[in-house]
Amino acid sequence: MFVREKRIGPYCYLYLVETVRENGKTKQRIIRNLGRSEEVEASGDLDRLARSAARLSQRSMILSLIEDGYVPQVRCRRIGAPLAFERLWQESGCRTVVEELLAGRRFEFAVERAVFLTVLHRLMVSGSDRACENWRDDYRINGIEDLQLHHLYRAMTWLGEELPGSDQVGRTLVPRCIKDLIEERLFERRRDLFSDLSVVFMDTTSLYFEGRGGETLGQNGHSKDYRPHLKQMIVGIIIDQDGRPVCSEMWPGDTADVTTLIPVIDRLRQRFAIGRVCVVADRGMISAATIAGLEQRGLEYILGVRERSSKEVREIVLNDQKPSVPLVIPRQRRPDTELEAKEVHVGDLRYVVCRNLVEAKHDAEVREAVLRSLRASLRHGDKALVGNSAYRRYLKTPDEKHFEIDDKRVAEDARYDGLYVLRTNTSLAPLAVMLRYRELLKVEDIFKTTKAILHTRPIYHQTDAAIRGHVFCSFLALVLRKALEDRLTTMRSKPEWGALLMDLDRLQEIETEQEGKCFILRTPVTGDVGRVFQAVGVALPPNIREADPPD
């Protein structure tokens with residue numbers, strides 16, 4: 001049974017025909033006149049008939065092809081992430097800014113395409129540029145066909161290239177590079193979205209190297225990855241109060257966190273022409289010299305305090321008897337967040353004591369569970385308990401051979417349940433100070449996923465410039481990620497990031513050839529991919545389309 005085409009006068013008609021044998025002869029018998037071909041194509045009746053027949057005969061069709069010795073060649077490529085992030089790459093201004101800075105540079109390859117390919121790799125799986133060269137084969141990305149591994153290396157070197165001496169005005173710990181110009185121009189393009197950087201958040205992470213780590217960036221320092229024998233570098237990311245990445249900073253691996261905040265703030269104010277800044281930072285970024293530097297510059301700050309190690313906080317601030325002001329934040333489908341805060345003045349210094357009552361209850365439950373386990377362990381011998389830090393904090397030694405629970409240590413630990421202390425020079429009310437600092441907690445959630453993208457190991461580059469460019473591509477990946485999340489938020493959608501990437505990877509195109517014609521089929525949309533394409537304003541490719549045959 002097949003469809004036959006027959007021309008009668010100026011028109012072409014389609015017939016559903018079957019082959020029969022009558023009186024020992026083969027002849028064709030018309031089962032149904034389907035109508036004029038252009039009308040049948042317009043109505044889609046033939047397509048529906050073909051799909052319906054294909055569903056019932058897929059197995060027999062495949063077996064028939066194999067029996068005839070023909071197996072169609074099929075090529076599958078992923079298209080979800082390239083289509084969505086290509087649009088964000090353009091609309092965020094990244095493509096335009098990179099191309100502007102490339103004007104006049106006579107590279108013999110598409111540098112902008114090499115940068116975008118690397119950024120997309122950071123978003124999807126991260127890793128080295130060598131891995132990126134192989135990873136790209138599974139994706140359809142426009143304009144990357146002629147790129148080779150050495151092109152990616154050269155693109156990274158260009159991003160981290162130091163600017164001439166005349167453009168080094170305002171440099172602090174490290175020289176100004178091409179990447180700094182990209183950050184500044186991206187900021188200018190979106191400056192209408194927020195008038196200034198009234199609040200900035202900063203966090204750092206470390207990246208270790210298996211090799212030399214460049215001329216100066218790779219140094220031995222305090223390793224957050226527990227690799228003290230390896231050289232490392234420090235990467236800082238600055239984010240505004242809306243969670244948008246503003247810029248990135250890179251320092252040698254022996255740079256202490258407490259020495260970076262003031263230079264970063266000075267550089268921010270000069271690079272982005274900002275005046276009033278309120279610095280919100282956690283206790284790990286703070287030292288007496290840092291606070292003095294902020295006050296000398298007339299900057300406002302809200303800083304976390306090491307309440308357990310500060311004698312002033314332990315003996316004066318925490319013993320203040322003034323009542324706290326409560327605040328309840330309603331949460332949908334979750335318990336309400338119960339907070340309280342009060343201010344305490346010690347001379348000219350202003351502290352804000354904050355407590356999260358839900359976390360306080362949780363801390364008390366965890367401590368009680370540890371104590372129950374500790375009491376059970378003490379009954380069976382106590383020599384092995386010293387190596388357990390959770391146990392050791394509650395123990396005392398009445399003699400040289402035995403341990404027992406120290407009730408004073410237990411009571412002292414209970415003082416800090418759900419508690420954190422802030423130091424500020426702002427005029428904000430205590431609750432407002434606490435809420436502003438809580439924004440840092442939200443940003444730290446961003447930093448957690450940020451660090452997953454920033455951990456682009458292994459890094460095989462041998463120069464500081466190439467290493468800076470390699471890590472900067474992770475910053476650009478954060479820019480695109482935040483742009484997508486903002487658009488999904490406006491649609492009241494907040495999918496889990498890892499699941500979203502898997503959904504995008506499931507969207508593929510299948511290219512096959514049939515009877516001399518090349519067809520491209522698209523796999524069905526799954527999960528939140530439809531919302532993503534709607535959010536970025538990209539139309540999904542058709543389910544099936546005819547393409548030019550390959551050369």
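Because the structure is a prediction, the values reported are computed rather than measured.

Rules behind the numbers
- Residues numbered from 1 in each chain as written.
- Predicted model: local features only at pLDDT ≥ 70, side-chain atom pairs only at ≥ 80, totals over all residues.
- Heavy atoms only, no water.
- Helix = DSSP H or I, 4+ residues; strand = E, 2+ residues; numbered from the N terminus.
- Buried < 20%, exposed > 50% of the residue type's maximum accessible area, 1.4 Å probe, protein only.
- Pairing = 2+ DSSP bridges.
- Axes fitted to C-alpha atoms, helices over the stretch in contact; angles between N-to-C directions.
- Contact = heavy atoms within 4.5 Å.
- Expected span 1.5 Å × (residues − 1).
- 1 Å grid on protein atoms, 1.4 Å probe; cavity = no way out; pocket = protein on both sides within 12 Å on 5 of 7 lines; lining within 4 Å.
- Points joined across faces, edges and corners; volume = space filled by probe spheres on them.
- Parallel < 35°, antiparallel > 145°, perpendicular 65-115°, else oblique.
- Left-handed = near helix turned anticlockwise from the far one by under 90°.
- Core = buried A, V, L, I, M, F, W, Y, C linked by side-chain atoms within 4.5 Å.
- pLDDT = per-residue confidence, 0-100.
- Arc of directions from axis to C-beta.
- Polar contact = N/O pair within 3.5 Å; in protein donor to acceptor, adjacent residues only side chain to side chain.
- Salt bridge = Lys/Arg side-chain N within 4 Å of Asp/Glu carboxyl O.
- Disulfide = S-S within 2.5 Å.

**Description of the environment of D167**
Line of reasoning, step 1. Position of D167 among the secondary structure elements: in the loop between α7 (149-159) and α8 (178-189).
Line of reasoning, step 2. Sequence spacing of D167 and L181 is 14 residues, and the spatial spacing of their C-alpha atoms is 10.0 Å.

**Considering the pairing of strand β9 (residues 300-304)**
Line of reasoning, step 1. Burial within β9 is extensive, with four of its five residues counted as buried.
Line of reasoning, step 2. Taken together, the four bridges between strand β8 (residues 278-281) and β9 define a ladder with parallel strand orientation. When the bridges of β9 are listed, V279 appears paired with Y301.
Line of reasoning, step 3. The sheet contact formed by β9 and strand β15 (residues 419-424) spans three bridges and is antiparallel. Residue pairing in the sheet places I302 in a bridge with T424 of β15.

**Looking at the sheet that holds strand β6 (residues 232-240)**
Line of reasoning, step 1. Spatial strand order, β7-β6-β5-β8-β9-β15-β12-β11-β10: nine strands in an open sheet with mixed pairing. Edge positions in the sheet fall to β7 (245-252) and β10 (325-329), since each has one partner strand and no second. Neighbour to neighbour, the strand axes of the sheet diverge by 25° on average, direction disregarded.
Line of reasoning, step 2. Where strand β11 (residues 337-346) lies against strand β12 (residues 349-356), eight bridges are found, and the strand directions are antiparallel. Residue pairing in the sheet places A341 in a bridge with C354 of β12.
Line of reasoning, step 3. Together, β8, β9 and β15 form the strand contacts of helix α10 (residues 288-296), whose direction differs from that of β9 by roughly 165°.
Line of reasoning, step 4. Those strands touched by helix α12 (residues 357-378) are β11 and β12, and its axis lies near 65° from that of β12.

**Considerations on helix α16 (residues 464-490)**
Turn by turn, an α-helix covers 3.6 residues, leaving residues three or four places apart pointing in a common direction.
Line of reasoning, step 1. A rise of 1.5 Å per residue sets the reference length of α16, with its 27 residues, at 39 Å; its end C-alpha atoms lie 40 Å apart and thus fit the reference within 8%.
Line of reasoning, step 2. A large share of α16 lies buried, amounting to 21 of its 27 residues.
Line of reasoning, step 3. R492 sits one or two positions beyond α16 and adopts a positive phi of about 55°.

**A word on the sheet that holds strand β2 (residues 11-22)**
Line of reasoning, step 1. Pairing within the open sheet is antiparallel, and its three strands lie in the order β1-β2-β3. A single partner strand is all that each edge strand has here, and the edge strands are β1 (2-8) and β3 (25-36). Pairs of neighbouring strands in the sheet enclose a mean axial angle of 40°, with direction left out of account.

**Remarks on empty space enclosed by the protein**
To locate leftover empty space, one rolls a probe as large as a water molecule over the atoms.
Line of reasoning, step 1. Under the criterion given, the structure shown has three cavities of 30 Å³ or more.
Line of reasoning, step 2. For the largest cavity, the calculated volume is near 50 Å³.
Line of reasoning, step 3. Elements that contribute at least two residues to the lining of the largest cavity include exactly α8 and β7.

**A closer look at the packing of helix α3 (residues 80-91) against helix α18 (residues 529-536)**
Line of reasoning, step 1. It is at 10 Å that the axes of α3 and α18 come closest, and there the two elements cross at 25°. When the axes of α3 and α18 are compared, the pair comes out roughly parallel. Note that α3 runs across α18; the crossing there is left-handed. Across from G80, L83, A84, R87, L88 and E91 in α3, the residues of α18 making contact are V532, F533 and V536.

**Structural notes on the nonpolar core**
Line of reasoning, step 1. Among the nonpolar cores identified, the biggest contains 67 residues, and F85, I182 and L476 are the most heavily contacted of them.
Line of reasoning, step 2. Tallying contributions element by element places α16 first for this core, with eleven residues.
Line of reasoning, step 3. Excluding anything up to four places from it in sequence, I182 contacts V97, V98, L101, L159, F472 and L476.
Line of reasoning, step 4. Counting 26 residues, the second-largest nonpolar core is a separate cluster that includes V174, I262, L268 and I291.

**Some remarks on the confidence of the model for the protein**
Line of reasoning, step 1. Across the protein, the average pLDDT comes to 82, with 85% of residues at or above 70.
Line of reasoning, step 2. When mean pLDDT is taken per element in the protein, α3 scores highest with 95 and helix α2 (residues 45-67) scores lowest with 58.

**A look at α12**
Line of reasoning, step 1. Here α12 contains 22 residues, and its C-alpha end-to-end distance of 31 Å stays within 8% of the 32 Å for a straight helix at 1.5 Å per residue.
Line of reasoning, step 2. Residues A360, R367, V370, L371 and L374 constitute the buried set of α12. Angularly, the buried residues of α12 cover 105° about the axis, an arc narrow enough to put them on a single face.
Line of reasoning, step 3. Where α12 begins, one side-chain oxygen reaches toward the backbone nitrogen of V358, 3.0 Å away; that side chain belongs to N356.

**Some details on the pattern of salt bridges**
Line of reasoning, step 1. Evaluated as defined, the whole model comprises 39 salt bridges.
Line of reasoning, step 2. Two residues, R140 and E509, come together in a salt bridge whose shortest N-O distance is 2.9 Å. Highlighted residues: R140 in the loop between α6 (129-135) and α7 and E509 in strand β16 (residues 508-514), separated in sequence by 369 residues.
Line of reasoning, step 3. Given a relative accessible area of 4%, E509 falls into the buried group.

**A word on the state of the cysteines**
Line of reasoning, step 1. Scanning the model with the defined rule gives zero disulfides in all.
Line of reasoning, step 2. Of the cysteine sulfurs around C473, a residue in no disulfide, the closest is that of C132, at 9.0 Å.
Line of reasoning, step 3. Residue classification places C473 among the buried residues on the basis of a relative accessible area of 0%.

**Observations concerning unusual backbone geometry**
Line of reasoning, step 1. If you check the backbone angles, R492 has positive phi at about 55° while not being a glycine.
Line of reasoning, step 2. By the secondary structure assignment, R492 is in the loop between α16 and α17 (497-506).

**A look at the packing of α3 against helix α4 (residues 94-102)**
Line of reasoning, step 1. Running from amino to carboxyl end, α3 crosses α4 at an angle of 60°, the nearest separation of the two axes being 4 Å. By the angle class used here, α3 and α4 are oblique. Judged by residue contacts, E86, W89 and Q90 of α3 engage C94, R95 and V98 from α4.

**A short note on the side chain of S493**
Line of reasoning, step 1. With respect to the secondary-structure elements, S493 resides in the loop between α16 and α17.
Line of reasoning, step 2. Judged by relative accessible area, which is 10%, S493 ranks as buried.
Line of reasoning, step 3. Setting aside residues no more than four positions away along its own chain, S493 makes contact with L488, D528 and R531.

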